[in-house]
Structures are given as structure tokens and as C-alpha cells.
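# Observations on the three-dimensional arrangement
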Amino acid sequence: MKVEDPNEFFKYTGMTVPIFNTLLEMVKPHIIAKHHFPDHVGPEERLALTLHYLSQGCSMQAIAWTYHLGHATVHTIIKSVVEIIWNVLHEMGSTSIFKLQQKVEACTYFNYKKSFSMVLLATCSADYFFTLVDIGAYGSEHDEGVFKNSVFGNLLDENLMNVPQPDRLPGVETRMPFVFVADDAFPLKTYITRPYPGRQLQPSERIFNYRLSRARRTIENASADVNNVDNIIKAVVCLHNYVKTESSAVGDTSYCPEGFVDTEDNPGSWRNDIENLTSVGSLSSNRASRLCYSSRDLLRNYFLSPLGQIPWQEQKIFAGVEPEIFE
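Residues numbered from 1 in each chain as written. Predicted model: local features only at pLDDT ≥ 70, side-chain atom pairs only at ≥ 80, totals over all residues. Heavy atoms only, no water.

## Section: the overall build of the protein
For the protein, the helix and strand inventory stands at 11 helices and 7 strands. A fraction of 64% describes how many contacts in the protein between residues 6 or more apart in sequence connect residues 24 or more apart. (Helix = DSSP H or I, 4+ residues; strand = E, 2+ residues; numbered from the N terminus. Contact = heavy atoms within 4.5 Å.)

Set out below in C-alpha cells:
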């Protein structure tokens, strides 16, 4: 398939042949060192079937049938290879990944929707590169405790995340704290900004919420290819960053083609292929200090100024609505 039909190979593994070959050379020595694999399954097959499982979300049984292997063998191969991928790629990247070190029963991940789930907190850059991932909150955990009890949240509260000091907004003397852009599930903090709540909002607040939504959708787009648990999640996150970096270096848009991620007027095509990401609700107490509110208002006012506005923002918020007069 690699030689005869590179396009099908991309669909099968989620990466181009050159990127696959580079990854294979990095992980091959580690795969060979695992003696519990059956001898007739070579390193290339082990990596390919693992990437197929990660990129397509198919069952292990389906892969077992395809490769004429036992289900237990496929499970062992995937479990080992995702750990190798994580160990190798994590050494190369700049993604900080935290994992709750707890042994728990499966029922703790059983959520109020009667399904098993694990909470994934993640941040990414403007070009969809994951920068921080926090894995392991229980699906059954009360919403208010998820962010509060996360390693990510604790480090931020204790000022141990090396968040840069406040700096000037472009073109003005006003200093603004560096913040993570979040939705209304998160608390308003000095380091987190979230939308103005409610429906009866002032036009200036609606513009702020629109601008925040434009920035926030990058994490939704980055998460479009991430689906599974723990070591698998860690491997997928690192693979996403690896393929994104390698593709960008050679100008290859196969991994993120035109129209795949959201644009100003159209949702990305990835939204047609998977279910929408589910919000976990409120992630912590939403009581915020006066400083948090003033920081958000400061950013709102900047978005309304000639230096911070974008030409179409009023058109977007007033689409189909009679515009109001405001300063």
C-alpha cells in the first residue's frame, strides 16, 4: 500500500509515507526490543496497525481479523506501541502532559449520561499545536472539582506555570495579563478569560464574546483527531504535534487540508466526521475577583478600539438583527 497507493496509506495511518518512515526509524529499535511480540509481526506492521487503530477509531477485533492475529495479540501490540510512541515523541516535543497517578475502578469514570468518560483538559497554540494536556479526571466527578483538582489548575493557582508577566497590548500603553482563552465552563481568573454570561448583553460584550469564540475554536480544531484514553491519548497528542510539525516543514497540507478546520464563515469539515465535543459543564466555582472582571473589560475595550477591532465584527454580531447605537 505504501508504494502502490500512498493516498490509501494516508487514510489508513493518518500520515504520509515519508512521515511514517521517519517515525518508524525512531521507534523501530524500541519495538524490536519488546520480546513479547510474535516474531512474524514486524516493526512496520506493528506501527501501521497501531496508527490505524489510533487514527480510525476502529475496534481491535477488526484489526485482528485484518492481520489474521488474535485479539489478545493486537491488544498487546497496541498497548506497547502507544507507550513507545509517547516515550519517543515526548522527548522531542514541547507539550507538557500531566496524568493523575491514581488506581481507580471503572465505575469512577461512569458519568451522569450513563456512559464511561475521562476528562481531557488541553491548551494549544494558534497553529493547532498542543502545548499542555491534563489527563485523568473522572467522568463521574462533580463538575466544580474538575479544574480545581487538576494538576494544571493547581499549578496555575500556585503561580508555577511560568505564565509571562503582563505586557502591553499592540499599539497601546495599557498592560494586560496573559490569559488562557476558555469557554463558560471555566472560572474567570486573572489567567483565564471567558465569555460574558447571559443573553441580554450589551453590543460591546457581544463583540467580545465573538472575538473570544474565534480564538477558542483553535482548541476544538486541534482536538478533532484526538479520541481515546490515557496512554492512547498521550500518544495521539504527541502524534498530532509530530505530524503537524513534519508536514509544515515541507509545506505538505495533507494532514490539515483546506477546509478541514474552521474558517470565518464555514465550520471545518472535521465536524462532519465525528460527534461534536461534549462540554463537561462548569469546571470550578465561577466566583471571580474584581481584578478578573476588570481585565476582561480591558480586553473588551481594546477589541472596540481602532487598534484592536476587526472590520467585520459588528456585521457578525448583528447578522439578521437591527444594530444598536453604542460607543
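Further notes follow.
## Looking at the pattern of salt bridges
Scanning the entire structure with this criterion turns up 5 salt bridges. For the salt bridge of Asp-157 with Lys-189, the shortest nitrogen-to-oxygen distance reads 3.7 Å. With Asp-157 in helix H7 (residues 151-157) and Lys-189 in the loop between strand S6 (180-181) and strand S7 (192-193), this pair connects stretches of sequence that are 32 residues apart. Residue classification places Asp-157 among the partly exposed positions, given a relative accessible area of 46%. On the basis of relative accessible area, Lys-189 is assigned to the partly exposed category, the value being 23%. (Salt bridge = Lys/Arg side-chain N within 4 Å of Asp/Glu carboxyl O. Buried < 20%, exposed > 50% of the residue type's maximum accessible area, 1.4 Å probe, protein only.)

## A closer look at the packing of aromatic side chains
Scanning the entire structure with this criterion turns up 4 aromatic pairs. Centroid distance Phe-9 to Phe-20: 5.0 Å. Interplanar angle 85°. Geometry classified as edge-to-face. Separated by 11 residues along the polypeptide, Phe-9 in helix H1 (residues 6-13) and Phe-20 in helix H2 (residues 17-32) bring together distant segments of the chain. You'll find Phe-9 and Phe-20 in the same group, each marked buried. An angle of 75° between the planes, with centres 5.2 Å apart, marks the rings of Tyr-196 and Phe-208 as edge-to-face. Residue Tyr-196 is found in the loop between S7 and helix H8 (203-222), and its partner Phe-208 is found in helix H8; the two are separated by 12 residues along the sequence. Here Tyr-196 and Phe-208 have matching classes, each one buried. (Phe/Tyr/Trp six-rings, centres within 6.5 Å; stacked < 30°, edge-to-face > 60°.)

## Notes on helix H9 (residues 231-249)
Relative to the 27 Å expected for 19 residues at 1.5 Å per residue, H9 spans 27 Å between its end C-alpha atoms, a close match to the ideal helical length. Burial within H9 is extensive, with 14 of its 19 residues counted as buried. (Expected span 1.5 Å × (residues − 1).)

## Concerning the side chain of Thr-193
Looking at where Thr-193 falls in the secondary structure, it is placed in strand S7. If near-sequence neighbours (up to four positions away) are discounted, Thr-193 is found in contact with Val-179, Phe-180, Val-181, Ala-182, Leu-188, Phe-208, Leu-212 and Arg-296.

## Some words on unusual backbone geometry
Phi at His-68 is positive, roughly 55°, even though this residue is not glycine. By the secondary structure assignment, His-68 is in the loop between helix H4 (60-67) and helix H5 (71-92).

## Thoughts on the side chain of Glu-205
Positionally, Glu-205 belongs in helix H8. One buried charged residue, Glu-205, remains without a salt bridge, the closest side chain of opposite sign being Arg-300 at 4.4 Å. Those residues in contact with Glu-205, other than ones at most four positions away along the chain, are Tyr-196 and Arg-300. (Lys, Arg positive; Asp, Glu negative; His and termini not counted.)

## Concerning the nonpolar core
Ranked by size, the top nonpolar core spans 40 residues in total, and within it Leu-23 and Leu-47 carry the most contacts. At the level of elements, H1, H2, helix H3 (43-56), H4, H5 and H9 are the ones that each hand at least two residues to this core. Tallying contributions element by element places H5 first for this core, with 10 residues. Counting residues in hydrophobic clusters, the runner-up holds 12 residues, among them Leu-121, Leu-132, Phe-152 and Ala-185. (Core = buried A, V, L, I, M, F, W, Y, C linked by side-chain atoms within 4.5 Å.)

## Quick word on empty space enclosed by the protein
This structure, assessed with the given rule, holds 2 cavities of 30 Å³ or more. Of the pockets and cavities examined, the second largest cavity occupies roughly 40 Å³. Around the second largest cavity, the lining residues are Met-176, Val-179, Leu-188, Lys-189, Thr-190, Ile-192, Thr-193, Cys-292, Ser-295 and Arg-296. Among the elements of the structure, S7 and helix H10 (290-304) are those that each provide at least two residues to the lining of the second largest cavity. Among the elements that make up the lining of the second largest cavity, the one with the highest residue count is H10 (3 residues). (1 Å grid on protein atoms, 1.4 Å probe; cavity = no way out; pocket = protein on both sides within 12 Å on 5 of 7 lines; lining within 4 Å. Points joined across faces, edges and corners; volume = space filled by probe spheres on them.)

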